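Structural overview for review
Spelled out from the first residue to the last, the chains are:
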Amino acid sequence: MPDSTPSIRQLLCLSLAITLATILLLTPDTAADKPAFSFLNVTSESGIDFRHVNGASGRKYSIETMGGGVGLFDYDSDGDLDAYFVNGASLPGFTIDHTPINRLYRNDTTEDGTRFVDVTEGAGVGHAGYGMGCAVGDYDNDGDVDLYVTNFGPNVLYRNNGDGTFSDVTDVAGVGDAQWTSSAGFLDYDADGDLDIYAVGYVQFTLEGNKLCPGRDGKPGYCAPDVYEGARDILYRNEGEGSFTDVSKTTGVDREGRGMGLVATDFDRDGDLDIYIANDEMENFLFDNRGDEVFEEVGLFSGAAYNEQGEPEAGMGVDYSDIDGDGLYDLLIGHYDDETSTLYRNLGNQMFSDETTTTGIGPPSRLKVTFGLVFADLDNDGDEDAFVVNGHVVDNVEVGSDVATYKQPNQLMENRGGRFVDASDEAGPGLGIVKASRGLAAGDLDNDGDIDLLVGNVMDRPDLLINQSGGGNWLLVDLVGGAGRLERKGWSNRDGIGARITVTSDDRRQVKDLKGAASYQSANDLRTHFGLADAEVCDIEVIWPSGRVTNLKSVTPNQILVIKEEE
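The notes below deal with the structure included here. (Residues numbered from 1 in each chain as written. Predicted model: local features only at pLDDT ≥ 70, side-chain atom pairs only at ≥ 80, totals over all residues. Heavy atoms only, no water.)

**Overview of the overall build of the chain**
For clarity, the cut-off: Strands here mean DSSP runs of E at least two residues long; helices mean DSSP runs of H or I at least four residues long; both are numbered from the N terminus. Restricting the calculation to C-alpha atoms gives the radius of gyration, and the globule rule supplies 2.2 Å times the number of residues raised to the power 0.38. In this analysis, two residues are considered to be in contact whenever any of their non-hydrogen atoms come within 4.5 Å of each other.
Scanning the chain for helices and strands turns up 7 helices and 42 strands. Relative to the globule expectation of 24 Å for 567 residues, the C-alpha radius of gyration of the chain, 24 Å, shows essentially globular dimensions. The C-alpha extent of the chain, read off along each of the three principal axes, is 100 × 65 × 50 Å. Put simply, of all contacts in the chain between residues at least 6 apart along the chain, 60% involve residues at least 24 apart.

**Concerning a negative patch on the surface**
Rules: For patch detection, residues must exceed 30% relative accessible area and be free of salt bridges, and they are connected within 9 Å for like charges or within 5 Å for nonpolar side chains (Val, Leu, Ile, Met, Phe, Trp, Tyr). Calculation of accessible area relied on Shrake-Rupley with a 1.4 Å probe; when residues are assessed, cover is drawn exclusively from the protein chains displayed. Throughout this description, the term salt bridge denotes a Lys or Arg side-chain nitrogen within 4 Å of a carboxyl oxygen of Asp or Glu. Charge assignment: positive for Lys and Arg, negative for Asp and Glu; neither His nor the chain ends contribute. Think of each charge as sitting on NZ of Lys, CZ of Arg, CG of Asp or CD of Glu. Only protein chains enter the calculation, and the probe is 1.4 Å; a residue is then buried if its accessible area is under 20% of its type maximum, exposed if over 50%, and partly exposed in between.
Together, D506, D507, D534 and E536 make up a negatively charged patch on the protein surface. Tracing the chain through its elements places D506 in the loop between β37 (500-505) and β38 (508-513). Judged by its relative accessible area of 63%, D506 is exposed.

**Considering the packing of aromatic side chains**
Any two aromatic rings considered together are summarised by their centre-to-centre distance and by the angle between their planes. Under the convention used in this document: Classification of ring pairs uses Phe, Tyr and Trp, with its six-membered ring standing for Trp, and accepts pairs whose centres are within 6.5 Å; under 30 degrees between planes counts as stacked, over 60 as edge-to-face, and the remaining range as tilted. Only lysine NZ and arginine CZ atoms are considered, and such an atom sits over a ring when it is within 6 Å of the ring centre and within 35 degrees of the ring normal.
Here the structure, examined in full by the defined rule, presents 18 aromatic pairs. With 6.3 Å between their ring centres and 45° between their planes, F39 and F387 make a pair best called tilted. One end of the pair, F39, is in strand β1 (residues 39-41); the other, F387, is in strand β28 (residues 385-390), with 348 residues separating them in the sequence. Judged by relative accessible area, F39 falls into the buried class, the value being 0%. Exposure remark for F387: the relative accessible area of 1% places this residue in the buried category. Ring-pair connections join several aromatic residues into one group, and the members of that group are F152, W180, Y202, F205 and Y228. In this structure, K512 packs its charged tip against the face of F530, placed 4.8 Å from the ring centre. The side chain of R548 reaches across the aromatic face of W491, ending 3.8 Å from its centre.

**Observations concerning the sheet that holds strand β26 (residues 351-354)**
Going by this rule: Here, a strand pair is defined by DSSP locating no fewer than two bridges between the strands. Angular values range over 0 to 180 degrees, each being the angle between N-to-C directions of two axes fitted as lines to C-alpha atoms, with helices fitted over their stretch in contact.
Reading across the sheet, the 4 strands line up as β23-β24-β25-β26 and stay open at both edges, with antiparallel pairing between neighbours. Strands at the two margins of the open sheet, each flanked by one partner only, are β23 (318-321) and β26. In this sheet, neighbouring strand axes are inclined to one another by 25° on average, regardless of whether the strands run parallel or antiparallel. Pairing analysis gives 4 bridges linking β23 to strand β24 (residues 330-333), with the strands arranged antiparallel. The residue of β24 that forms the bridge with V318 is I333.

**Points about the pattern of salt bridges**
Working definition: two side chains of opposite charge can pair if their charged atoms are close together. Per the stated rule, a full pass over the model turns up 22 salt bridges. For D395, the salt bridge identified is with K60, shortest N-O distance 2.7 Å. With D395 in the loop between β28 and β29 (408-409) and K60 in the loop between α2 (43-46) and β2 (70-73), this pair connects stretches of sequence that are 335 residues apart. Owing to a relative accessible area of 32%, D395 belongs among the partly exposed residues under this scheme. R106 is the partner of D108 in a salt bridge, and the nearest nitrogen-oxygen pair spans 3.0 Å. According to the relative accessible area criterion, R106 is partly exposed, its value standing at 26%. A single network of salt bridges, built from pairs that share partners, joins R51, K435, D460 and D463.

**Concerning the nonpolar core**
Rules: We define the nonpolar core as a collection of buried residues of types Ala, Val, Leu, Ile, Met, Phe, Trp, Tyr and Cys that are connected through side-chain atoms lying within 4.5 Å of one another. The domain boundaries here were taken from an automatic or database domain assignment.
Core analysis: the biggest nonpolar cluster contains 51 residues, and Y84, L147 and I540 have the highest contact counts within it. For this core, the domains that each give at least three residues are domain 1 (39-467) and domain 2 (473-564). Contacts of Y84, omitting those with residues within four sequence positions, involve G69, V70, G71, F73, N102, R103, L104, V125, C134, L147, V149 and Y158. Core analysis: the second largest hydrophobic core is formed by 20 residues, Y202, V203, F371 and V393 among them.

**A look at the pairing of strand β27 (residues 370-376)**
The buried fraction of β27 amounts to 7 of the 7 residues, a majority that puts the element mostly inside the structure. As judged from the 5 bridges shared by β27 and β28, these two strands associate in the antiparallel manner. Directly across from A376, in β28, lies its bridge partner D385.

**What about the environment of P214?**
Mapped onto the fold, P214 is located in strand β12 (residues 213-214). For P214, a relative accessible area of 70% puts it in the exposed group. C-alpha of P214 to C-alpha of K489: the two residues are 275 residues apart in sequence and 58 Å apart in space.

**Overview of the environment of D268**
In plain terms, the rule: The term polar contact refers here to a pair of N or O atoms within 3.5 Å; inside protein, the definition further demands a hydrogen-donor-capable atom paired with an acceptor-capable atom, and it admits residues adjacent in sequence only when both atoms are side-chain atoms.
Looking at where D268 falls in the secondary structure, it is placed in the loop between β18 (259-265) and β19 (274-282). In the structure, D268 is positioned 21 residues away from N289 in sequence and 9.5 Å away in space, judged by C-alpha atoms. Contact partners of D268, with chain neighbours within four places excluded, come to D274, D288 and Q350. Reaching out from D268, the side chain makes a polar contact with the side chain of Q350 at a distance of 3.2 Å.

Right under this line is the structure:
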């Protein structure tokens, strides 16, 4: 009778076969099993002729390489997203034959194609300061969206008059702080039904005090941010009747940082709004809202201040999403090259874990300098992908380097079961663009149910990327809070910013907030998008900032659904 004991070679072969089978089982589906992404750059034919100006003349002022914010919002309340571009300005040594200004383009898209018209002059929003970014929200609860512009220099608040024009109400409102402000956002931190403003300070910088540091070529170049003292954030409380009060000190957010990115949500599920700040080359801040209009900075305790090596990183853009379906919001932050972007998984109880490596975010971002980024379900398959825009800050970084480049391609990170895969090469011609990108705004520009992208680039034209992926079913939720619309107090802000929306379809449960801030110096669509894959019906729960709850059953997909806060 032959010996039935397996040989060593047979055992090794069996072990190898089991290992390979396990890898195949655990590896996410390949892109061939899913609809391909497809983004098309339609900027040139759209009528958008804006070009960013940074005023650079070789004197290497630090502000030159940091601007380029963009915004998407429906300024004329006609049901589609218009586009706003934040510009720089002339600096000493720079000459130009016109005055650079910010520009607003009205969306006149039809079935015949994407079309935008420059309405800056008529709207009155062509600010000529040295701009950085913008935020949008209906701060006066009158039913139209207002605009806040951040600058190196005094910030500007434009009140939407409801007739296609805006009024500069900065002085009356008291929100024109003159430091270098990067990102900003509208949020209702005190849950009183009107939107407050959070302005993120970067560094204490003046043109006269600009510092030069030797570059790789030995010539004077841009300095790292740590050669400057950090700036302080400002939280403006909305007092109603058009005025705001600086409550930074009394609320506890008056800390010196080098902030670049901002998000706000209830990270610990205790019923109030927390604030996270991505700082440049220092620890990040997580301000825990104690519920008494006072915040406590708990970044170090939470695990989201430093990476897993205990090191600070060059934080830039930031966004949050429930990437693994556990109902908790995880964080993604863009960083400098040789650092990787960092993904912090929310463990609950205000605790985070750096899972950059296990989620696949690390390797594709290692050689990139990432500024704007957003989570969005770009193929409507029911989970959140990530889109990031890249570009170095040193305009001659190629000198002395075999791998670093100033202009860099942007990236689409596809979510495959909670692990991200760089799908940029499969995402169409819109991902073949190579520029020094900064701002990024996401929204459904053509109202066809998928998320389009607007990218701002330094000293270049922007890129309008239309999503033609043709994925699954979808839902676009447009919230209308009761403040300013219904009698009595105690309603949510008119935009519904801060509301938590849960959509349940088949065996999938998605939880998202209506965000008033995300990405880098940019403003996103104030409608909340859900990809539904093959689901033919879904249930919706909205928890409003006021605490009221709206439930809708058996909602059909593929529609823009307006939900109003009612009794």
